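Structural features, examined
Chain by chain, the residues run as shown.
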There are 2 protein chains.
Amino acid sequence: MTQTPPRPAAGSPAPRPVPTSTDVARLAGVSRATVSYVLNNTSAVRISEPTRRRVREAAEELGYVPHAAARSLRAGRTRIVLLPTAHVPVGPLYGHFLNELQWALRRLDYTVVQYASMGLDGDEAARAWAELRPVAVVSFGAVELTPQGVDVLKRSGAQAVITLGPQPVEGAHSLPVDQRRVGRCAGVHLVERGYRRIGVVLPEEPGPELFSGPRLEGVRHAVAGTGADVVPLPLARTEEAAGALAARWPGLGLDAVFAYDDEYAVLLLRALLDAGASVPGDTAVMGAGDLLLGRLMRPRLSTVRIDMEAGQHLAELVDRVVADPDRTPENRDLMAARAIHREST
Amino acid sequence: MTQTPPRPAAGSPAPRPVPTSTDVARLAGVSRATVSYVLNNTSAVRISEPTRRRVREAAEELGYVPHAAARSLRAGRTRIVLLPTAHVPVGPLYGHFLNELQWALRRLDYTVVQYASMGLDGDEAARAWAELRPVAVVSFGAVELTPQGVDVLKRSGAQAVITLGPQPVEGAHSLPVDQRRVGRCAGVHLVERGYRRIGVVLPEEPGPELFSGPRLEGVRHAVAGTGADVVPLPLARTEEAAGALAARWPGLGLDAVFAYDDEYAVLLLRALLDAGASVPGDTAVMGAGDLLLGRLMRPRLSTVRIDMEAGQHLAELVDRVVADPDRTPENRDLMAARAIHREST
């Protein structure tokens, strides 16, 4: 592609002149190459401290910052790590993990950008991400990446495409984060405590299917062969919907319910209590996520605690794969899950 | 800056060849200019539909996607809108607003990236953002942007720098989102209901100061001249801390408490109930945010409901400012707040 000088788009006013490295070089009385070496912290070239200082002061005076895009065109790749974000708010658990990961990547000198990917299918998303030419993409299941999508990303320069999810994706480094284990923990806990007719609350809202489906599957797996039944229960995240479910509860003949997460569990727990049910006497209620609100309910909510490995480890893996894309994929599970028995089961 | 051909960084393997527009042009049998016109949806040039299709098919076959960076260097600016993100998880309210905003910006053909900005001061953050050469930055108070920071962004090509917060920032389009109004609603509600010794719970955790300080100030403002007292109460977000505060509650002589948000309110409400207090008989408890968990408590939590204007409006404002950076700043408040009386006050 031919480089033409920057010019304003038709119909919009001329942008103010943007200071360039040439301006910095002129003001500091050095070559443009020296400016580039100093501002990109190139250690390969020996430049005296007074010169470095003069360049930095000139850059500051002019308000010059290097252009990540220009740098990436020169170097053939960026230091951008792209994290696709979901269209559902992440819980405190993922929020904490994401923060750790972003900090750790920044310490490794990456630029981390989150890209809202809601409403895109896997291939659309991959093309949209590829336009930013990220050197790495770490996908948490906000979209279902396909092998074709991975290929688009790699062809556009991504060295590392890492997916966290139950299914490996061809061409990507797939780290298993198996939500089925959350459901399995709940199922084992409930069966061990003697429950035999187990409802599983699934959010009616779009978004969490990638999590809720595997969690249901995990419960089914845990109870297989025990003689217990599993009954899926779609539920909207409203008091009205929970009240309606509680009203028809006696007819369902369930002695326990595992909800997708603590929020849905507490919503249903409250509705059951308000309808006069005894918990866990008539029905046991269990959630997932070990959120504060579950601990604040009476009876205290039993839950599945989910722990994510420190974000630092994943950041280091990203860095290793960027440096050596053909290395043998690692596939440690980043997630641990265990049942926590409180008062509601 | 001189353009040298892409080359691998020292010490890392050669990246696989990235398909270029030249490859697409060759395969489709058209000029590179035609490829560029078709893939950038340029309407100024008339190109037949069969040719457009041939170009698109060739691009797909080769896995070619345009390079946002190269395009931005050509056009002099990007279509990137940068949203700095905080280091605290945003509540469902902001989460919803952010989603709406991102959708709306995407429909206007912007590329939206979120940039984790925790731990950066205002000027560091502005320089880091500027490296991505965003055409617009919409800052929600994750960092305190300074006039110098705004200048760095504008000099690097940002047409629109929009801040949402209580204080206007020189050089930016500042939209007031005044958290003091949240505290004012709570203060007026409590004073009207006859409470005279009002505690205000402030999170001990770092992060929400930009919100909690103004909310406290708002309560103070609302009770000024009424004879009521305001007592700040720092509280960590743990059951232990809430239990300790509840244990010394009788000695504080408070007849009401407004907590920073519904989570802290419910945390303290539970501890007060567990310690045998009657709510609202002995002490009224009020939160902010109208979260589900407050509605699930008994007594139901009174709260301040906060409504953000639809993200679509802000997206359109971004687009107008990008097109005409010198327009007179608008300064509508995007936030509405009102007290909701339930059972705890």
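For the structure, check the block above.
These notes cover the structure that comes with them. (Residues numbered from 1 in each chain as written. Chains lettered and ligands numbered in written order. Predicted model: local features only at pLDDT ≥ 70, side-chain atom pairs only at ≥ 80, totals over all residues. Heavy atoms only, no water.)

Some thoughts on the packing of helix H2 (residues 32–39) of chain B against helix H3 (residues 49–62) of chain B
All names here are of chain B. Worth spelling out the cut-off: To define axes, lines are fitted to C-alpha atoms, for helices over the stretch in contact only, and angles between the resulting N-to-C directions are given on a 0 to 180 degree scale. Numbering of helices and strands runs from the N terminus, with a helix taken as a DSSP run of H or I at least four residues long and a strand as a DSSP run of E at least two residues long. Working definition: roughly parallel below 35 degrees, roughly antiparallel above 145 degrees, roughly perpendicular at 65 to 115 degrees, and oblique for all remaining angles. Working rule for contacts: check all heavy atoms of both residues, and any pair within 4.5 Å makes them a contact. Ten residue types, Ala, Val, Leu, Ile, Met, Phe, Trp, Tyr, Cys and Pro, are classed as nonpolar, four, Asp, Glu, Lys and Arg, as charged, and the remainder, Gly among them, as polar.
Look at H2 against H3: their axes get within 10 Å of each other, and the N-to-C directions meet at 90 degrees. The orientation of H2 relative to H3 falls into the category roughly perpendicular. Where H2 approaches H3, its residues Thr34, Val35, Val38 and Leu39 are matched on the opposing element by Thr51, Arg52, Val55, Arg56 and Ala59. Partitioning the contact of H2 with H3 into residue classes produces 5 nonpolar, 2 polar and 2 charged.

Points about the nonpolar core
Condition: Only buried Ala, Val, Leu, Ile, Met, Phe, Trp, Tyr and Cys residues count toward a nonpolar core, and they belong to the same one when joined by side-chain atoms within 4.5 Å. For every residue, the accessible area obtained with a 1.4 Å probe (protein chains only) is divided by the maximum for its type, and the residue is called buried under 20%, exposed over 50%, and partly exposed between those limits.
Core analysis: the largest hydrophobic core is formed by 54 residues, its most contacted members being Trp249 of chain A together with Trp249 of chain B. Residues contacting tryptophan 249 of chain A, with those up to four places away along its chain left out, are Leu233, Leu254, Val257, Leu268, Leu272 and Thr283 of chain A.

Here's the deal with the packing of aromatic side chains
Centre-to-centre distance and the angle between the planes together describe a pair of aromatic rings. Residues and elements named next belong to chain A. Note the cut-off: In this analysis, rings of Phe, Tyr and Trp, with Trp reduced to its six-membered ring, are considered paired at centre separations within 6.5 Å, and the interplanar angle assigns stacked below 30 degrees, edge-to-face beyond 60, and tilted for intermediate values. We call a charge positioned over a ring when the NZ of a Lys or the CZ of an Arg lies within 6 Å of the ring centre and within 35 degrees of the ring normal.
Scanning the model with the defined rule gives 3 aromatic pairs over all chains in all. With a centroid separation of 6.1 Å and 75 degrees between ring planes, the pair formed by tyrosine 260 and tyrosine 264 is classed as edge-to-face. With a relative accessible area of 5%, tyrosine 264 lands in the buried category. Note that arginine 79 overlies the ring of tyrosine 110, its terminal NZ or CZ placed 3.9 Å from the centroid. Across from the ring centre of tryptophan 103, 5.0 Å away, lies the NZ or CZ of arginine 106, which sits over that ring.

Things to note about the environment of valine 223 of chain A
Residues and elements named next belong to chain A. Mapped onto the elements, valine 223 comes out in helix H9 (residues 209–223). Linking valine 223 and alanine 186, residues 37 residues apart in sequence, is a C-alpha distance of 9.9 Å. Excluding residues that lie within four positions of it along the chain, valine 223 makes contacts with Gly187, Val191, Ile198, Ala228 and Val230.

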